[in-house]
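Working through the structure, step by step
Here are the chains, one letter per residue:
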Amino acid sequence: EQALRLDVGSFSNEELLQMVEHLAGEGRLDSAIATLQGILRVEPDSIEIRIRLARYLSWNKELLAAMSEADEILERDPGNRAALQIKADAASWRGDYATALPIYRDLLSNEEDFEIRLNYTHGLVGSGHIIEAREGYDLLAVTSEPDNQKLAILKQRIEKYRPPRVMAGGSYYDDSDNNERVEVRLAAGLSAGNLDF
């Protein structure tokens, strides 16, 4: 960060991208984003830089900006898979499943990909399409330990929509003034298809 502040012009694009990658890896997304925006002022047609910028914006929870940057890429390079995935991810994280799910389906129809299938299945859960989410979960093939952890999180979300369950609880309170309170709670849950009662 200090080197970039002192003399950003003395580095090649390759060096700048390496520095940006390190900054992002350390969670310094604001600095990474600012550096990429600076490079884009000099090279506005660089799709590679725009893809990184859109990705880091989405990771930084600047979801509308990420979607806008992805749209800019798609204007220049229609069908760019990375831009489509970033747009779908940002839309899904915003809860805009109407935008995200069709993009995910399109990407998966051309090529199976663990991250895309995972995020698509999360989107299905978020939008209440539990039957499809279970089917999507079954299609996920784990190749690494981090993938296993991501799959466990997804499984927990899907299992919230499971067959009949009963929840019970209670509490009792009293004090020196003879105040007394007894509380009993009973609840039941049932999932039917995509609905949870």
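Our structure's up above, just so we're on the same page.
Residues numbered from 1 in each chain as written. Predicted model: local features only at pLDDT ≥ 70, side-chain atom pairs only at ≥ 80, totals over all residues. Heavy atoms only, no water.

Considering helix α2 (residues 13–25)
We count it as follows: Working definition: helices are DSSP H or I runs of at least four residues, strands are E runs of at least two. Numbering for both runs from the N terminus. By this rule, a helix spans an expected 1.5 Å times one less than how many residues it contains. Each residue gets one of three labels from its accessible area relative to the maximum for its type: buried under 20%, exposed over 50%, partly exposed in between, using a 1.4 Å probe on protein chains only. Directions pointing from the helix axis toward each C-beta atom define the arc.
Here α2 contains 13 residues, and its C-alpha end-to-end distance of 18 Å stays within 8% of the 18 Å for a straight helix at 1.5 Å per residue. Taken as a whole, α2 has its buried residues at L16, L17, V20, L23 and A24. With its buried residues spanning 120° around the axis, α2 presents them on a single face. Seen from the buried face of α2, the exposed residues on the opposite side, beyond 90 degrees, are E14, H22 and G25.

Concerning the packing of helix α6 (residues 81–93) against helix α8 (residues 114–126)
What counts is decided by this rule: Axis angles are defined between N-to-C directions and span 0 to 180 degrees, where every axis is a line fitted to C-alpha atoms and, for a helix, only to the segment in contact. Should an angle lie under 35 degrees it is considered roughly parallel, over 145 roughly antiparallel, and from 65 to 115 roughly perpendicular; all remaining angles are considered oblique. Here is the rule for handedness: rotate from the far helix to the near one, and if that takes an anticlockwise turn smaller than a right angle the crossing is left-handed, while a clockwise turn gives right-handed. Two residues form a contact once any of their heavy atoms are found within 4.5 Å. Amino acids outside the nonpolar list (Ala, Val, Leu, Ile, Met, Phe, Trp, Tyr, Cys, Pro) and the charged list (Asp, Glu, Lys, Arg) are all regarded as polar, and Gly is one of them.
It is the contact of α6 with α8, at a shortest axis distance of 10 Å, that shows an interaxial angle of 25°. Relative to α8, the element α6 lies roughly parallel. Crossing angle aside, the handedness with which α6 passes α8 is left-handed. On the side of α6, the interface is formed by R81, Q85, D89 and S92, while α8 contributes E115, I116, N119 and G123. Looking at the contact of α6 with α8 residue by residue, the class counts come to 1 nonpolar, 4 polar and 3 charged.

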